[in-house]
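Coordinate inspection notes
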Amino acid sequence: MNKVLYILITTFFFSISAFSAEKEEPVTITQQSIKKVGDQVELTMDIVVNKLNSKYKLTVTPVIYNTTEKKELEPVQIAGKYRYIADQREGIADEDVFVITRKTSHTIPYNVSIPYEDWMAEVSVDVKQFQEGCCSFDEPGRMTVAENKLLYYQPEPKFRLDPYDYEFTELEQYTLDNPFLHSMEDHNQRYDILVKDRDKGTSVVIFTVGSHKLDMNFQGNKDALDAIAKAFKLIEDDPNAVLKHIMITGYASPEGSLAFNTALAQRRAETVKTYIQSILSSPRNELFELHNGREDWDGLRERVENSHMAEKSEILEIIDSYTMEQEIRKTKLKQLNGGAPYKYMLENFYPPLRSAGYVQVFYEIDRTATVATAVTDELGRTTWVDPESPANVNITRINEALKFIKESDFEQALTQLLQAKDDPKAFNFIGVCHMMMKNYDESGQWFRKALENNDPFAQENIDQLNMMRRVEF
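Residues numbered from 1 in each chain as written. Predicted model: local features only at pLDDT ≥ 70, side-chain atom pairs only at ≥ 80, totals over all residues. Heavy atoms only, no water.

1. Quick look at the overall build of the protein chain
To keep it simple, the criterion reads: Here a strand is any run of E in DSSP of at least two residues, a helix any run of H or I of at least four, and the numbering for each starts at the N terminus. Contacts are residue-level and defined by heavy atoms, with any inter-residue pair within 4.5 Å sufficient. Only the protein chains shown count as cover for residues, and all accessible areas are computed by the Shrake-Rupley method using a 1.4 Å probe.
Summing up its helical and strand segments, the protein chain has 17 helices and 17 strands in all. Long-range contacts, defined as pairs at least 24 residues apart, comprise 65% of the intrachain contacts of the protein chain with a sequence gap of at least 6. By element, 49% of the accessible surface of the protein chain is carried by carbon and sulfur atoms, the whole surface being about 26,100 Å².

Structure below.
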């Protein structure tokens, strides 16, 4: 072969190869996003036209598909200046065609919505290109702009559903553990406590039959009075607490004369008062309210009501007949059914009624009612805690945020949680809020912090976050 001809041919093929290697795609896709909004699928992207011969027309068609289905979306037609003029002359120019008039790149926004179909839950998106000149056709390769994207995923964030318990001061915990100790808010119910909730709302001091002398070694009196003394010390040691009221009630059983029983009940109340004054650092007389219960008909009635006595209804009717004189009621009880029911009550119901003195202690905490929170235990006893105390302020914020999260108000929840952002209990909740607000990077950071602190829900939320990230791109 002629050496010059060989060099020309080699140079020609090298030039073609170099041109092919450096050939620029007619368009590129940027700012792409596909998502499900309501019952529609929205696809948005920018079609960047890199280079188009002025005599050519380019058709760009997005295609949504999965392994079994596909759907071509609305195409975009782009024409060079001279091609558009030629089409106009022939009356075939498309009104929606984009005309390229300069040899620079152009960006064409694309936004289309189509009805969502079940098969579209996970799809890919390609872009087809078809280019035609005056007498030639070219179909550049399809571009994949999204692969296996979830268009629908309803996250179910995982988090603790129950509010955190407040941390009690020693006095607050002691109030829950000891039924005789009450917040001053319960003071107006002191008589109801005495009658309806005596067993779980008072401390009992026991006297021997017919006596008002205090025996510390008799039937748990020392333990009862030591517990009362400890309550006084806790109140005194708490800088926010003040001892406000001590109610002491003396009783005698409804047997014997009313006059004797009334005097005995009063002396029993005064005996307890004298002892309590001896253990108080400031035994102010105005602290005390003494109540003379005289004969304990309420206690007797409660025991009869809770019994299985055959004559229960008749006994209750006699007890409830307040129009009768006390002594007449006693006589009728003794005469009922030959005295057998009365004998049974003397043996089983009267002993504790013969010896009871009851104590209720009320204290007040220096805080506003707007921040004090009632806490009631399984026995119905109530105490108050301060949600703004250093021990409880983060718990308050997190519990308040939990309410907002359950209402799907994640912005309000996040406002509360960021005030407790250094508390590990808040980490997972903060991550949940960011995830549901689609702040995926922030969400991931908080979930990882929660996971490092052994939060039981963090890993599940990380898995859901990874699913959420596939929904939009």
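Still more to cover.
2. Notes on the sheet that holds strand S1 (residues 27–37)
Keep this limit in mind: Should DSSP find at least two bridges between two strands, the strands are taken to pair. Convention adopted: a line fitted to C-alpha atoms gives each axis, helices being fitted over their contacting stretch, and angles between N-to-C directions are expressed from 0 to 180 degrees.
Pairing within the open sheet is antiparallel, and its 3 strands lie in the order S1-S2-S7. The open sheet has two edge strands with one neighbour each: S1 and strand S7 (106–115). Pairwise comparison of adjacent strand axes, ignoring direction, gives a mean angle of 15° for this sheet. Judged from the 9 bridges that link them, S1 and strand S2 (residues 40–49) form a sheet pairing that is antiparallel. Paired with threonine 28 across the strands is valine 48, a residue of S2.

3. Digging into the confidence of the model for the protein chain
Under the convention used in this document: pLDDT runs from 0 to 100 and stands for how confident the predictor is about each residue.
Averaged over the protein chain, the pLDDT score is 86; the fraction of residues at 70 or greater is 89%. Counted against residues more than four places away or in other chains, residues 1–22, with its pLDDT under 50, gives 2 contacts. For the stretch residues 368–372, pLDDT sits under 50, and the model shows 8 contacts to residues farther than four places along the chain or on other chains.

4. Section: the pattern of salt bridges
For clarity, the cut-off: Throughout this description, the term salt bridge denotes a Lys or Arg side-chain nitrogen within 4 Å of a carboxyl oxygen of Asp or Glu. Burial classification: accessible surface area is computed with a 1.4 Å probe over protein chains only, and a residue below 20% of its type maximum counts as buried, one above 50% as exposed, and the rest as partly exposed.
Tallied over the entire structure, the rule returns 18 salt bridges. Among the salt bridges present, the one from glutamate 72 reaches lysine 128, with a minimum N-O distance of 2.6 Å. Linking glutamate 72 in strand S4 (residues 70–72) with lysine 128 in strand S8 (residues 122–132), this pair joins segments that are 56 residues apart in sequence. Take glutamate 72: its relative accessible area is 43%, and that puts it in the partly exposed class. With a closest N to O distance of 4.0 Å, glutamate 364 and lysine 244 form a salt bridge. Of the two residues, glutamate 364 sits in strand S15 (residues 356–365) while lysine 244 sits in strand S13 (residues 241–252), which places them 120 residues apart along the sequence. We classify lysine 244 as partly exposed; its relative accessible area is 35%.

5. Details of the environment of asparagine 178
Note that asparagine 178 resides in the loop between helix H3 (170–177) and strand S11 (181–183). Using a relative accessible area of 13% as the deciding quantity, one classes asparagine 178 as buried. Separated by 53 residues in sequence, asparagine 178 and alanine 231 have C-alpha atoms that sit 8.9 Å apart.

6. Focus: unusual backbone geometry
The phi torsion at asparagine 148 lies on the positive side, around 50°, for a residue other than glycine. Along the polypeptide, asparagine 148 turns up in strand S10 (residues 143–150). Residue asparagine 148 is classed as partly exposed on the basis of its relative accessible area of 45%. Notably, asparagine 337 is not glycine yet its phi reads approximately 50°, a positive angle. In this structure asparagine 337 comes out as partly exposed when scored by relative accessible area, which is 49%.

7. A short note on the environment of tryptophan 119
Selection criterion: Any pair of N or O atoms that falls within 3.5 Å is considered a polar contact. Within protein, one atom must be able to donate a hydrogen and the other to accept it, and sequence-neighbouring residues count only if both atoms are side-chain atoms.
Counting through the fold element by element, tryptophan 119 comes out in the loop between S7 and S8. A relative accessible area of 18% places tryptophan 119 in the buried class. Distance in space between the C-alpha atoms of tryptophan 119 and glutamate 69 is 7.2 Å, their sequence separation being 50 residues. Engagement of the side chain of tryptophan 119 in a polar contact is seen with the side chain of glutamate 117, the distance being 2.9 Å.

8. Notes on the packing of helix H14 (residues 410–417) against helix H15 (residues 424–436)
Here is the rule we go by: When an angle is under 35 degrees it counts as roughly parallel; over 145 it counts as roughly antiparallel; between 65 and 115 it counts as roughly perpendicular; any other value is oblique. With the far helix as reference, a near helix turned anticlockwise by less than a right angle produces a left-handed crossing, and one turned clockwise produces a right-handed crossing. Each residue gets one label: Ala, Val, Leu, Ile, Met, Phe, Trp, Tyr, Cys and Pro are nonpolar, Asp, Glu, Lys and Arg are charged, and the others, such as Gly, are polar.
Two elements in contact, H14 and H15, have axes separated by 9 Å at closest approach and are oriented at 150°. In this view, H14 runs roughly antiparallel relative to H15, as classed from their interaxial angle. When the axes of H14 and H15 are compared, the crossing they make is left-handed. In this structure, H14 contributes Phe410, Ala413, Leu414 and Leu417 to the contact, and H15 contributes Ala426, Phe429, Ile430, Val432, Cys433, His434 and Met436. Each residue belonging to the contact of H14 with H15 can be placed in one class, and the counts come to 10 nonpolar, 1 polar and no charged.

9. A closer look at helix H10 (residues 326–335)
We count it as follows: Picture the helix axis, draw a direction to every C-beta atom, and the arc is the one those directions span.
Looking only at H10, the buried set comprises Gln326, Arg329, Lys330 and Leu333. The buried side chains of H10 occupy one side of the element, clustering within an arc of 100° when seen end-on.

10. A closer look at the packing of aromatic side chains
Note the threshold: Between 30 and 60 degrees the pair is tilted, below 30 it is stacked and above 60 it is edge-to-face, where a pair is any two Phe, Tyr or Trp rings, Trp via its six-membered ring, whose centres lie within 6.5 Å. Any Lys NZ or Arg CZ that is within 6 Å of a ring centre and within 35 degrees of that ring's normal is treated as a charge sitting over the ring.
Scanning the model with the defined rule gives 5 aromatic pairs in all. When the centroid spacing of 5.9 Å and the interplanar angle of 70° are considered together, the rings of tyrosine 342 and tyrosine 350 count as edge-to-face. Both residues of the pair, tyrosine 342 and tyrosine 350, count as buried. Residues tyrosine 344 and phenylalanine 349 carry aromatic rings whose centres are separated by 5.7 Å and whose planes lie at 85° to one another, so their mutual orientation is edge-to-face. A residue is classified by how much of its surface remains accessible, and phenylalanine 349, at 8% relative accessible area, is buried. A cation sits over an aromatic face here: arginine 160 above tyrosine 164, 4.0 Å from the ring centre.

11. Description of the pairing of strand S3 (residues 57–65)
For S3, the buried fraction is high: 8 of the 9 residues fall into the buried class. Alignment of S3 against strand S5 (residues 76–80), held across 4 bridges, turns out to be antiparallel. For leucine 58, the partnering residue across the bridge sits in S5 and is isoleucine 78. Across 9 bridges, S3 lies against S8 in antiparallel orientation. The partner of isoleucine 64 across the bridge, within S8, is valine 125. Looking at chain direction, S3 and S4 are connected through 3 bridges and run antiparallel. The partner of valine 63 across the bridge, within S4, is glutamate 72. Connecting S3 to the next strand, S4, in antiparallel fashion are 4 residues.

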